[in-house]
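Below, each chain spelled out in residue letters.
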Amino acid sequence: MDAPVPPRVREYAEQAVAYVRTAQGVTLEYDSDTLPVLDHYLRTVDHLGGTSPDQTATLQLVISTAGAYFGEVVRRRMGGRWELSTEDVEWRVVLPTGLNFAPMGFVA
């Protein structure tokens, strides 16, 4: 049985689906075939290179939502669970093999 997806991660992943649907007209289906669509969306998001507080907040939101979606694709395909780091700083996906990674870090 899979561990439940933390509500915050689920919410972020669903936001990514909504953002891509609005911007690209494509609904992400939590499979690896949709990752190129997410990548294309990330390349088209405006104003992510600035340093104003609004741009920084937007960048963090994009990283969090896209990372949650990416992590969910991997978790659903390979199994595993979400864990919050001991410092409560970043979410990680822990695979059944024990290997783990930070999906938001890949997106950043």
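What counts and what doesn't
Sequence order sets the numbering: in each chain, residues are counted from 1 along the sequence as written. Only residues with pLDDT of at least 70 are given local features in this predicted model, and only at 80 or more are side-chain atom pairs given and counted; all residues enter the totals for whole chains, interfaces and linings. Hydrogens and water are ignored here; the side-chain numbers use all heavy atoms of the structure. Numbering goes from the N terminus for both helices and strands, where a helix is a DSSP run of H or I of at least four residues and a strand is a run of E of at least two. Only protein chains enter the calculation, and the probe is 1.4 Å; a residue is then buried if its accessible area is under 20% of its type maximum, exposed if over 50%, and partly exposed in between. Two N or O atoms form a polar contact when they lie within 3.5 Å of each other; inside protein one atom must be a possible hydrogen donor and the other a possible acceptor, and for residues adjacent in sequence the pair counts only when both atoms belong to side chains. Between two residues, a contact is recorded if the distance between any of their heavy atoms is within 4.5 Å. Each Phe, Tyr or Trp ring, with Trp reduced to its six-membered ring, pairs with another whose centre is within 6.5 Å; inter-plane angles below 30 degrees give stacked pairs, above 60 give edge-to-face pairs, and intermediate values give tilted ones. Note on geometry: a ring has a charge over it if NZ (lysine) or CZ (arginine) is within 6 Å of the ring centre and within 35 degrees of the ring normal.

A. Here's a closer look at the environment of T65. Among the secondary structure elements, T65 is positioned in helix α3 (residues 53–78). Each C-alpha atom, one on T65 and one on Q15, is 6.2 Å from the other, the two residues being 50 residues apart in sequence.

B. Representation of the side chain of T65 in the model. According to the relative accessible area criterion, T65 is buried, its value standing at 3%. A polar side-chain atom of T65 sits 3.3 Å from the main-chain carbonyl oxygen of V62. T65 has contacts with Y12, A13, Q15, A16 and Y19, leaving out every residue within four places of it along the chain.

C. Looking closely at the packing of aromatic side chains. Applying the stated criterion across every chain, the model contains four aromatic pairs. With centroids separated by 4.9 Å and ring planes inclined at 40°, the aromatic side chains of Y30 and Y69 adopt a geometry described as tilted. Pair noted here: Y30 is in the loop between α1 (7–24) and α2 (35–44) and Y69 is in helix α3, with a separation of 39 residues, a long-range link. For the residue pair Y30 and Y69, the accessibility class agrees, reading buried in each case. Relative to F106, the ring of F101 has its centre 5.6 Å away and its plane inclined at 80°; by these criteria the two rings are edge-to-face. With relative accessibility at 59%, the residue F106 sits in the exposed group. Among the aromatic residues, those joined into a ring-pair cluster are F70, F101 and F106. The side chain of R76 reaches across the aromatic face of Y30, ending 3.9 Å from its centre.

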